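Spelled out, the chains give:
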Amino acid sequence: MLTEYGTKHAVHVITNHFGDLVAKVCECLLRKGPLTRQNVKRYTELSDEQVKNALLVLIQQNCVQAFTTEQPDGFADGPKANTQYVVLFDNILHRVRFAKFLTILSQEFDQQCVELVQGLLEHGRLTLKQMFDRAKSSEKEGNLVDLDSLRETLVKLVTAHYVERCPASEPLLMPISEEEGPARKKGSKSAKKIGEPETIEQQVVEAALPMEAMRFSVVTNVESDVGEKEKNSNNVTPGEKRKHDVLELDECGVADEQSVVYRANFEGFIRRLRHKGCIDHVRAHLDDGAANVLSAMLQATSSAEKKVKTKNSVPLSLSSIYEEVIKSEAGRNMTLDHVRASLVQLGELSFVDASSDSYSIDFEKIIEIAQNEEVESVVSKRYGRDAYRIFRLLSKSGRLLETDKISDTTFVEKKDAPKILYKLWKDGYLLMEKLVVTGARQSQFLLWKVNRQILWKHVLDEMFHAALNLSLRVSYELDREKELLNLPADKRTGPLQDRYNRIRKVRILLESSQMKLDDAILLFHDF
Amino acid sequence: MSKRKRPDSNAPSDSLTDHERLIYDVIRSKQDMGIWTRDMKRELRVNLPDNIVTKSIKSLQNKSLIKEVVNIHSKGKKHLMAVEFEPSKEISGGAWYSEGSLDTEFIKVVKSQCLKQIIKLKVATLEGISDSIKRSGAFKVDLTKQQIEEIVRALVLDNQIMEVKSNGSGEFTNIPVGKVCYKNVSKGGGGGEPKTGSLASIPCGVCPQINICKPDGVISPKTCVYYTKWLDF
Ligand code: SF4
């Protein structure tokens, strides 16, 4: 379920990147759910052409996915298929993370890889030929691009799961039948827990996904000379938004190098960010040693992860962990005893589960604690120390507690506790229940509780709200100093220079806050 | 002969007026809970005028039959109790209250003593903390185990210490496996101030107005005073 500010934030991102028209169509899909083109037109009151173009942009940028459903009891002339469009909320959020993705990449790969992915992020989807043209056009002297090395780069990135083949353009979504359960074609996906409810968005994404082997493979047909212009190749200059063909692309058509379209695999990047987040969290709570050990465990097990939200890593023995630790520069001077001690520390905080000499990372626990801390810090800053203690008590106990009991346990004055509890309740941080006891005299007790599920959604909505506000303030500040910012450096003197310095600092602070806040959104939404 | 006192036959209560007797019986029936004057009046079976009630209470107090106590739930309200009772925990607030207020100074001292012992012991059980405090002689009166436990629990809520279970080896060598112990929170939440999170470090994260702030509202990010203050370089 999308929250109000989640929607507003997403629409704002799309407005910033693609303008009002595309944003209007996007908002319509966010608010109404999957729609046919006809219905988008009806709700947005835009022309057919406008809707079509907006959808093409959104599809090209991987923010919308088309699908068809078979009408179960169709008409006499067989089942009627109609194309619908579903918006991919997560992919919209990823748009503000491109810089993070590229940073990860630059730590693991060379510049050519970074540039290739940069192109994919900018254009959404590209064929090898288009990547080549793009590389050619920005070719620097003495640094010639050749197709073979580009192909190699692509293979490297695909193997690392940072780039993938684009999904089917318009998969068929089977109506879920009661007896059989959802029809699934992919082995890895059917491992999903039965009964876990899936949104239409997830179902469509899953149905569109190529099989694992195909998803991460590069088609090469070296025989045909790709450098040469062919009659049917699309002559689009790089830099232009490519929105041709995406609707018509044939899923199981001839897999020829010319027609295969690639895109950045967001999942791959989010998985790395999740790992990084866990390592940072461990470093903040323990020390570099423990962080090194965790990082080595991730290194050794990440290839076995099937999805982003993995609960536990596959178990490792002490010796294999040690072997991995000393592979890294940071871990080279760690002794086996040191590693063992770090594992004990990690176990104490439940970050790692130890059983019969094998160790497995408890991702869920690490993330849960990081989330708790984020919320507790808001409570502490917004409502004060007493509220912090009260909140932690309720959050840890996870059940209803009575006002007096709360004030006793937390050492908060009897007269203050109800006020604090009421404030937290009013702002959506607590649930309240009234208990009326009818005895000799009727008396009423108030019981309070933290419901994580409800609260987390609420906090996430506040984060989206804050992200929107930050972004609006950035535009406002920059807009106010537009003229000054356009002034050549030598014209900025005296008070102008002071104002310039101020806006520079403002910008740095606001933009770094945006990145940091997005870390929190990742923590609550994506991890 | 029973040694138990029988207040009924006590000399002062023999000389009570009818009104005083009525009032006294209601108050005494409440034992260690006592009663608020207004509630007491309601419980009297007859309707007595205010001035009579006030006079009777005065007289009962003079005869040392009843006393006024502080009720932590309603300070300032006149709460009455028969002299032979001590206010229950519900009324007095228990060991951590003095004169109807939370004894914050005392709590602070006990907290810091407990924390000191935990840091000294590195890993400590409740008994360990309790013994260690006793030996240190920091307090004239002995704290009960329950009192220590209450303080330790509050320290956990303060995020100054954490609860861990002994695994019987390493620093837990002398502690049975599975026993609950306490450790100082070394990093991160150290010092008890929670680490400021990403949301809490920007104005909106700690803003009391966030629920009414709208992009084009009266309170909006463009006109926001918290931002203006934050960006005042
Ligand atoms: S923009 Fe200002 S008023 Fe609005 S939520 Fe943020 S801090 Fe509060």
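Definitions and cut-offs
Residues numbered from 1 in each chain as written. Chains lettered and ligands numbered in written order. Predicted model: local features only at pLDDT ≥ 70, side-chain atom pairs only at ≥ 80, totals over all residues. Heavy atoms only, no water. UniProt positions renumbered as here; feature names shortened; annotations may be inferred. Helix = DSSP H or I, 4+ residues; strand = E, 2+ residues; numbered from the N terminus. Buried < 20%, exposed > 50% of the residue type's maximum accessible area, 1.4 Å probe, protein only. Contact = heavy atoms within 4.5 Å. Areas by Shrake-Rupley, 256 points an atom, 1.4 Å probe, with all protein chains shown as cover. Axes fitted to C-alpha atoms, helices over the stretch in contact; angles between N-to-C directions. Parallel < 35°, antiparallel > 145°, perpendicular 65-115°, else oblique. Left-handed = near helix turned anticlockwise from the far one by under 90°. Phe/Tyr/Trp six-rings, centres within 6.5 Å; stacked < 30°, edge-to-face > 60°. Lys NZ or Arg CZ within 6 Å of the ring centre and 35° of its normal. Near = heavy atom within 4 Å. Nonpolar A, V, L, I, M, F, W, Y, C, P; charged D, E, K, R; others polar. Buried area = accessible area lost by both parts, 1.4 Å probe. Salt bridge = Lys/Arg side-chain N within 4 Å of Asp/Glu carboxyl O. Polar contact = N/O pair within 3.5 Å; in protein donor to acceptor, adjacent residues only side chain to side chain. Core = buried A, V, L, I, M, F, W, Y, C linked by side-chain atoms within 4.5 Å. Domains from an automatic or database assignment. Pairing = 2+ DSSP bridges. Patch = residues over 30% accessible without salt bridge, like charges linked within 9 Å, V, L, I, M, F, W, Y side chains within 5 Å.

You'll find chain B entered in an unreviewed UniProt entry as DNA-directed RNA polymerase III subunit RPC6, with Citrus unshiu given as the organism. Taken verbatim from the UniProt record of chain B, the Sequence similarities (unreviewed entry) comment is "Belongs to the eukaryotic RPC34/RPC39 RNA polymerase subunit family."

As recorded in an unreviewed UniProt entry, chain A goes by the name DNA-directed RNA polymerase III subunit RPC3, listed as coming from Citrus sinensis. Entered under Sequence similarities (unreviewed entry) in the UniProt record, the comment concerning chain A runs "Belongs to the eukaryotic RPC3/POLR3C RNA polymerase subunit family." According to its UniProt record, chain A has this under Subcellular location (unreviewed entry): "Nucleus".

Peer 1: How should the overall build of chain A be read in this particular structure?
Peer 2: Secondary structure assignment for chain A yields 21 helices and 13 strands. The buried share of chain A, reckoned over its 527 residues, is 49%. Considering only residue pairs separated by 6 or more positions, chain A has 68% of its internal contacts joining residues 24 or more positions apart. Of the roughly 25,900 Å² of accessible surface on chain A, a fraction of 51% belongs to carbon and sulfur atoms.

Peer 1: Would you mind going over the packing of helix α1 (residues 4-32) of chain A against helix α3 (residues 48-60) of chain A with me for this structure?
Peer 2: When two helices pack together, their arrangement is given by the angle between the helix axes and by the axis-to-axis distance. Residues and elements named next belong to chain A. Look at α1 against α3: their axes get within 9 Å of each other, and the N-to-C directions meet at 110°. Considering the angle they form, α1 stands roughly perpendicular to α3. Remark: the crossing between α1 and α3 carries left-handed chirality. Of the residues in α3, those in contact with Ile14, Phe18, Leu21, Val22, Val25, Cys26 and Leu29 of α1 are Gln50, Val51, Ala54, Leu55, Val57 and Leu58.

Peer 1: What is the right way to read the packing of aromatic side chains from this model?
Peer 2: Both the distance between ring centres and the angle between the ring planes are used here to describe each pair of aromatic rings. The tally for this structure, following the rule as stated, stands at 14 aromatic pairs over all chains. Plain terms: the ring middles of phenylalanine 101 of chain A and phenylalanine 266 of chain A are 5.9 Å apart, the flat faces sit at 40° to each other, and that makes the pair tilted. Taken as a pair, phenylalanine 101 of chain A in helix α5 (residues 98-108) and phenylalanine 266 of chain A in helix α11 (residues 266-285) lie far apart in primary sequence, 165 residues in all. Relative to tryptophan 230 of chain B, the ring of tyrosine 227 of chain B lies with its centre 5.8 Å away and its plane at 70°, an arrangement referred to as edge-to-face. Of the two residues, tyrosine 227 of chain B and tryptophan 230 of chain B are both situated in helix α9 (residues 225-230); the distance of 3 residues between them amounts to about one turn of the helix. Among the residues examined, tyrosine 227 of chain B registers a relative accessible area of 1% and is labelled buried. In this structure tryptophan 230 of chain B comes out as partly exposed when scored by relative accessible area, which is 24%. An aromatic cluster of at least three residues, connected via ring pairs, comprises Phe98, Phe101, Phe109, Tyr162, Phe266 and Phe269 of chain A. Sitting above the plane of the tyrosine 43 of chain A ring, arginine 42 of chain A keeps its charged end 5.0 Å from the centroid. The lysine or arginine in question, arginine 274 of chain A, covers the ring of phenylalanine 363 of chain A, its NZ or CZ lying 4.7 Å from the ring centre.

Peer 1: How should I be thinking about the site of the ligand in this particular structure?
Peer 2: Neighbouring the ligand are Asn469 of chain A together with Pro203, Cys204, Cys207, Ile210, Cys213, Ile219, Pro221, Cys224, Tyr226 and Tyr227 of chain B. This site is not confined to one chain, since residues near the ligand come from chains A and B. For the shell around the ligand, a count of residues per class yields 10 nonpolar, 1 polar and no charged.

Peer 1: Can you walk me through the interface of chain A and chain B in this structure?
Peer 2: Interface extent is often summarised as the accessible area lost during association of the parts. With 53 residues of chain A at the contact, the number on the chain B side is 57 residues. Interface area, chain A with chain B, both sides summed: about 4,800 Å², of which 59% is carbon and sulfur. For the chain A face of the interface with chain B, the top three residues by lost area are Glu348, Phe411 and Arg473 of chain A, together amounting to 16%. Linking chain A to chain B there are 3 salt bridges. The interface formed by chain A and chain B contains 15 residue pairs in polar contact (both at pLDDT 80 or more). Looking at the side of chain A that touches chain B residue by residue, the classes come out as 22 nonpolar, 8 polar and 23 charged.

Peer 1: How should I be thinking about the nonpolar core in this particular structure?
Peer 2: Generally speaking, soluble globular proteins have nonpolar side chains that are buried together. Leu343 and Tyr429 of chain A are the most contacted members of the largest nonpolar core, which totals 145 residues. Here this core gets 13 residues from one element, more than from any other, and that element is α1 of chain A. Core analysis: the second largest hydrophobic core is formed by 24 residues, Tyr97, Leu115, Ala154 and Ile161 of chain B among them.

Peer 1: I'm lost on unusual backbone geometry in this one. Help?
Peer 2: Most of the time, phi is negative for any residue but glycine, and the peptide bond is trans. Backbone geometry places asparagine 62 of chain A, a non-glycine residue, at a positive phi of 65°. Looking at the element boundaries, asparagine 62 of chain A is found in the loop between α3 and β2 (64-70). Non-glycine residue glutamine 31 of chain B carries a positive phi angle of around 50°. Position of glutamine 31 of chain B relative to the elements: it lies in the loop between α2 (18-29) and β1 (35-36). A relative accessible area of 45% means that glutamine 31 of chain B is categorised as partly exposed.

Peer 1: Quick question: what am I supposed to make of the domain arrangement of chain B here?
Peer 2: Along its sequence, chain B is carved into domain 1 (12-93), domain 2 (103-194) and domain 3 (202-231). Domain 1 of chain B and domain 2 of chain B are separated by 42 Å when their C-alpha centres are compared.

Peer 1: Can you help me understand the pattern of salt bridges in this one?
Peer 2: Side chains bearing opposite charge may pair, as long as their charged atoms lie close to each other. Residues and elements named next belong to chain A. Per the counting criterion, the structure on display carries 48 salt bridges over all chains. Close ionic contact of arginine 507 with glutamate 511 constitutes a salt bridge, the shortest N to O distance being 3.3 Å. Of this pair, arginine 507 and glutamate 511 both sit in helix α21 (residues 495-526), 4 residues apart, which is roughly one turn of the helix. Overall, the relative accessible area of 31% leaves glutamate 511 in the partly exposed class. Linked by salt bridges that have partners in common, Arg97, Lys100, Asp518, Asp519 and Asp526 make up one network.

Peer 1: Explain the environment of aspartate 288 of chain A here, please?
Peer 2: All names here are of chain A. Within the element layout of this structure, aspartate 288 appears in helix α12 (residues 288-301). The exposure class of aspartate 288 is partly exposed, given its relative accessible area of 47%. Each C-alpha atom of the pair aspartate 288 and glycine 331 lies 9.2 Å from the other, and the pair is 43 residues apart in sequence. Of note is the side chain of aspartate 288, whose polar atom sits 3.0 Å from the side chain of arginine 283.

Peer 1: Please explain the sheet that holds strand β7 (residues 261-264) of chain A as it appears in this structure.
Peer 2: Within a sheet, adjacent strands bond to each other through the backbone by hydrogen bonds, running parallel or antiparallel. Residues and elements named next belong to chain A. Reading across the sheet, the 3 strands line up as β4-β7-β5 and stay open at both edges, with antiparallel pairing between neighbours. Because the sheet does not close on itself, it has two edges, and the strands there are β4 (126-127) and β5 (163-165). Packing against the sheet, helix α6 (residues 111-123) makes contact with β4, β5 and β7, and its axis sits at approximately 95° to β7.

Peer 1: How should a nonpolar patch on the surface be read in this particular structure?
Peer 2: All names here are of chain A. The grouping of Leu435, Val437 and Phe445 at the surface amounts to a nonpolar patch, some 220 Å² of accessible area in total. Its location among the elements puts leucine 435 in strand β12 (residues 431-438). Using a relative accessible area of 39% as the deciding quantity, one classes leucine 435 as partly exposed.

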